[in-house]
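These are the residues of each chain, in order.
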Amino acid sequence: AEANVGVVGLAAMGGSLARNLAHHGNKVAVFNRTYARTEKLMNEHGGEGEFYPAKTLEEFVDSLVKPRTAIIMVKAGEPTDAMINALADLMEPGDIIVDAGNAYFPDTIRREKEISARGLHFVGCGVSGGEEGALLGPSMMPGGSEESWKTLKPIFESIAAKAEGEPCVTHIGLNGAGHFVKMVHNGIEYSDMQLIAESYDLMRRGLGMTPAEIGDVFEEWNKTELDSYLIEITAEVLHQVDKKTGKPLVDLIVDHAGMKGTGTWTVQTALSLAVPVTGIAEAVFARGLSSEADLREEAQKQGFAGPDGKLNLNDDEKKAFIEDIRQALYASKIVAYAQGFNEITTAAKEYGWDIDLAAVARIWRGGCIIRAKFLNRISEAFESGEANVSLLFAPYFKNAIENAEKSWRNVVAQAAINGLPTPAFASSLSYFDGLRSKRLPAALIQGQRDYFGAHTYQRVDQPGAFHTLWAEPGREEIEA
Ligand code: NDP
């Protein structure tokens with residue numbers, strides 16, 4: 001046995017991760033169900049480091065130094081379960097099985113329970129950054145036991161992305177904590193993308209700009225607080241010209257947004273935890289609506305009368321409105337992050353995880369899809385305790401929101417008046433307004449609930465639970 005780590009599953013992600021490990025001095029055992037894939041990896045990249053290719057899973061396990069560390073990167077769901085069990089049958093107490101695929105965190109909690117009952121360590125590890133990240137440095141979010149982290153730390157730190165010299169990996173918390181945080185990362189990614197898409201739409205349809213002109217705007221925005229990977233690639237996508245037709249490529253792409261489920265999980269989980277993640281939810285629903293092909297076609301046939309989306313602004317007004325959109329994007333983004341972090345905080349209480357939010361923000365600064373400059377500010381806000389209740393209350397972000405507020409309102413109002421959909425902008429603003437309202441119409445809802453269901457209500461002027469005999473003459477109130 002010579003290898004200090006092994007990778008099972010050598011498709012796009014596993015192959016890249018194995019190479020990354022080898023590039024950083026690890027001795028890497030590799031196994032894939034279909035041996036041809038292993039052979040291909042060895043033929044093309046075997047010279048890049050020390051690999052130990054195995055034809056059978058037994059051979060793979062035998063080639064690992066104890067405590068053995070095996071990283072699974074196979075298809076999510078049943079194949080992952082099958083592979084975990086097959087490895088567990090061959091491994092010994094103290095060995096570590098890592099699932100680096102995109103698992104749903106309740107599955108990770110279940111698997112950890114089963115595997116740890118057999119004396120082995122099971123670590124669900126979120127990995128972000130796609131294939132390129134896996135090869136050149138991903139952001140990594142491992143859960144699992146403290147003890148397993150001692151073995152994994154040097155290995156993961158060797159391959160993770162670096163942000164200002166620090167590896168983008170930290171032990172997130174026990175059992176499913178890593179996959180949970182990765183899930184919320186993806187939810188935030190959905191909202192970031194939706195907010196960018198709404199900004200684009202406002203400029204495209206609202207201001208009549210070309211994709212290339214809008215690409216230039218995003219390039220400029222990338223020099224501001226919005227500096228991030230997603231803004232950067234947006235500029236590139238918008239500048240892309242189709243070779244065949246000479247048209248902007250974005251105009252030739254079918255406008256149905258796909259999804260693989262992590263955004264949906266984030267929202268489903270938030271619903272069951274009763275945490276409003278409106279920014280993320282609207283992003284998921286917007287993708288859903290975009291893909292409702294029949295419904296949208298029928299709506300076209302209906303030919304609803306209404307504004308055509310054009311704002312008809314002169315050059316100076318246009319310039320000012322573009323800045324308003326930038327501010328609206330920034331404010332809405334802060335709201336979505338605040339909501340995402342609230343979801344993590346609530347889940348941590350529910351599942352008994354001790355999650356360092358400042359560290360989470362730090363490891364998202366590099367390698368992952370939502371990497372952004374302002375994550376430095378977020379980690380500072382959590383570190384100082386200023387964001388303990390909500391990111392929105394940390395002075396830096398409070399100030400940013402206050403600066404953006406007028407622009408944000410103008411964008412949402414203009415969009416509504418002119419018939420342009422801005423679900424994420426609008427819902428983020430509503431969340432903010434809901435939060436800052438001293439009194440909410442929830443009082444009326446309590447009245448309605450008590451009316452039809454005798455659910456009782458509390459009073460602002462005295463303690464206790466009350467029920468009104470709404471249908472009785474005189475509408476008497478009784479103490480419940
Ligand atoms: P795929 O999800 O396409 O899975 C292909 C791999 O799974 C192959 O190695 C395949 O082996 C193996 N496999 C499938 N079924 C079985 C089975 N029943 N038993 C054993 N092995 C099986 O690969 P990716 O590299 O795209 O993704 C791997 C994991 O990483 C997934 O969980 C994915 O969700 C996650 N992930 C992917 C990202 C991405 O950008 N692609 C980003 C982050 C995470 P064989 O060659 O024999 O068919």
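Residues numbered from 1 in each chain as written. Predicted model: local features only at pLDDT ≥ 70, side-chain atom pairs only at ≥ 80, totals over all residues. Heavy atoms only, no water.

## A look at the overall build of the protein chain
As a reminder, the rule being used: Secondary structure elements follow DSSP: runs of H or I of four or more residues count as helices, runs of E of two or more count as strands, with numbering from the N terminus. Using C-alpha atoms as the atom set, the radius of gyration is obtained and then compared with a globule rule of 2.2 Å times the number of residues to the power 0.38. Whether a residue is buried, partly exposed or exposed follows from its accessible area with a 1.4 Å probe, protein chains only, as a fraction of its type maximum: under 20%, in between, or over 50%, in that order. Method for areas: the Shrake-Rupley scheme with a 1.4 Å probe, in which residue coverage is limited to the protein chains shown. Positive charge is attributed to Lys and Arg, negative charge to Asp and Glu, and no charge count is given to His or to the chain ends. A single reference atom marks each charge: NZ on Lys, CZ on Arg, CG on Asp, CD on Glu.
Along its length, the protein chain carries 19 helices and eleven strands. A compact globule built from 480 residues should have a C-alpha radius of gyration of about 23 Å, and the protein chain, at 26 Å, falls within 12% of that. Taken along its principal axes, the extent of the C-alpha atoms in the protein chain is 80 × 70 × 45 Å. Counting across all 480 residues of the protein chain, residues that qualify as buried make up 50%. For the protein chain, the accessible area works out to roughly 22,900 Å², and carbon and sulfur atoms hold 52% of it. The positive charge centre, built from 47 side chains, and the negative charge centre, built from 66, are 1 Å apart in the protein chain.

## Observations concerning the site of the ligand
What counts, and what does not: Consider each residue's heavy atoms; a residue with any of them within 4 Å of a molecule or strand counts as near. Polar contact criterion, stated in full: a pair of N or O atoms within 3.5 Å, where within protein one must be able to donate a hydrogen and the other to accept it, and residues adjacent in sequence count only if both atoms are side-chain atoms. As a working rule, the residues Ala, Val, Leu, Ile, Met, Phe, Trp, Tyr, Cys and Pro are called nonpolar, Asp, Glu, Lys and Arg charged, and the rest polar, with Gly in that last group.
Close to the ligand lie 19 residues; Met-13, Asn-32, Arg-33, Thr-34 and Arg-37 are nearest. In this structure, Arg-37 approaches the ligand through a side-chain N or O atom, which is 2.6 Å from an oxygen atom. With respect to the ligand, the backbone of Asn-102 contributes an N or O atom lying 3.4 Å from an oxygen atom. Burial of the ligand by the protein amounts to 75% of the accessible area it has alone, namely 900 Å². Only helix H1 (12-23) and helix H4 (78-90) provide two or more residues apiece to the shell around the ligand. Its residues assigned to classes, the shell around the ligand comprises ten nonpolar, six polar and three charged.

## Thoughts on a nonpolar patch on the surface
The following threshold applies: Patch rule: a residue counts if its relative accessible area is over 30% and it has no salt bridge; like charges are joined within 9 Å, and nonpolar side chains (Val, Leu, Ile, Met, Phe, Trp, Tyr) within 5 Å. For this analysis, a salt bridge means a side-chain nitrogen from Lys or Arg found within 4 Å of a carboxyl oxygen belonging to Asp or Glu.
Taken together, the side chains of Leu-249, Leu-252 and Ile-253 define a hydrophobic patch exposed on the protein surface, amounting to about 230 Å² of accessible area. Locating Leu-249 in the fold gives a position in the loop between helix H10 (229-239) and helix H11 (262-273).

## Describing the UniProt feature "domain: 6-phosphogluconate dehydrogenase C-terminal" (unreviewed entry) in the protein chain
Our working rule: UniProt positions are given in the numbering used here, feature names are shortened, and annotations may be inferred rather than shown by experiment.
Per the UniProt record, "domain: 6-phosphogluconate dehydrogenase C-terminal" (unreviewed entry) is found at residues 178-471. Helix makes up 64% of residues 178-471 and strand 1%. Its end C-alpha atoms lie 53 Å apart.

## Description of the packing of aromatic side chains
Keep this limit in mind: Between 30 and 60 degrees the pair is tilted, below 30 it is stacked and above 60 it is edge-to-face, where a pair is any two Phe, Tyr or Trp rings, Trp via its six-membered ring, whose centres lie within 6.5 Å. Sitting over a ring, as applied to charges here, requires NZ of Lys or CZ of Arg to be within 6 Å of the ring centre and within 35 degrees of the ring normal.
In this structure the tally under the stated criterion is 18 aromatic pairs. Aromatic side chains Tyr-351 and Trp-353 sit 4.9 Å apart centroid to centroid with 20 degrees between the ring planes, which places their arrangement in the stacked category. A relative accessible area of 34% places Tyr-351 in the partly exposed class. Residue classification places Trp-353 among the buried positions, given a relative accessible area of 5%. The interplanar angle of 35 degrees and the centroid separation of 5.7 Å between the aromatic rings of Tyr-451 and Trp-470 together place this pair among those described as tilted. Of this pair, Tyr-451 sits in helix H19 (residues 442-453) while Trp-470 sits in the loop between strand S10 (466-468) and strand S11 (477-479); the two residues are 19 residues apart in sequence, bridging distant segments of the chain. Ring pairs connect the aromatic residues Tyr-104, Phe-105, Phe-180, Trp-265, Tyr-351 and Trp-353, which therefore count as one cluster. Positioned above the aromatic ring of Tyr-190 is the side chain of Arg-287, whose terminal nitrogen or guanidinium carbon lies 3.7 Å from the ring centre.

## Details of the pairing of strand S3 (residues 50-53)
Quick reminder of the rule: Whether two strands pair comes down to DSSP finding at least two bridges between them. We call a crossover right-handed when, viewed with both strands directed away from the observer, the connection leading from the first strand over the helix to the second proceeds clockwise.
Pairing of strand S2 (residues 27-31) with S3, which is carried by four bridges, proceeds in the parallel orientation. What sits directly across from Ala-29, in S3, is Tyr-52. For the segment spanning S2, helix H2 (residues 35-45) and S3, crossover handedness is right-handed.

## A closer look at empty space enclosed by the protein
The line we're drawing: Buriedness of a pocket was judged along seven lines, with at least five required to meet protein on both sides within 12 Å; pockets are open sets of points on a 1 Å grid over the protein atoms alone, cavities are sets where a 1.4 Å probe fits but cannot get out, and lining residues have an atom within 4 Å of a point. Grid points are joined across faces, edges and corners, and a volume is the space filled by probe spheres set on the points.
Evaluation of the coordinates by the stated rule reveals three cavities of 30 Å³ or more. Taken as a whole, the largest cavity encloses approximately 60 Å³ of empty space. In this structure, the largest cavity is lined by Asp-192, Ile-196, Leu-226, Ser-228, Leu-230, Ile-231, Leu-329, Lys-333, Ile-370 and Arg-371. Those elements giving two or more residues to the lining of the largest cavity turn out to be helix H8 (177-206), H10 and helix H14 (315-351). Looking at the lining of the largest cavity, its residues break down into six nonpolar, one polar and three charged. Counted as a void, the second largest cavity has a volume near 40 Å³.

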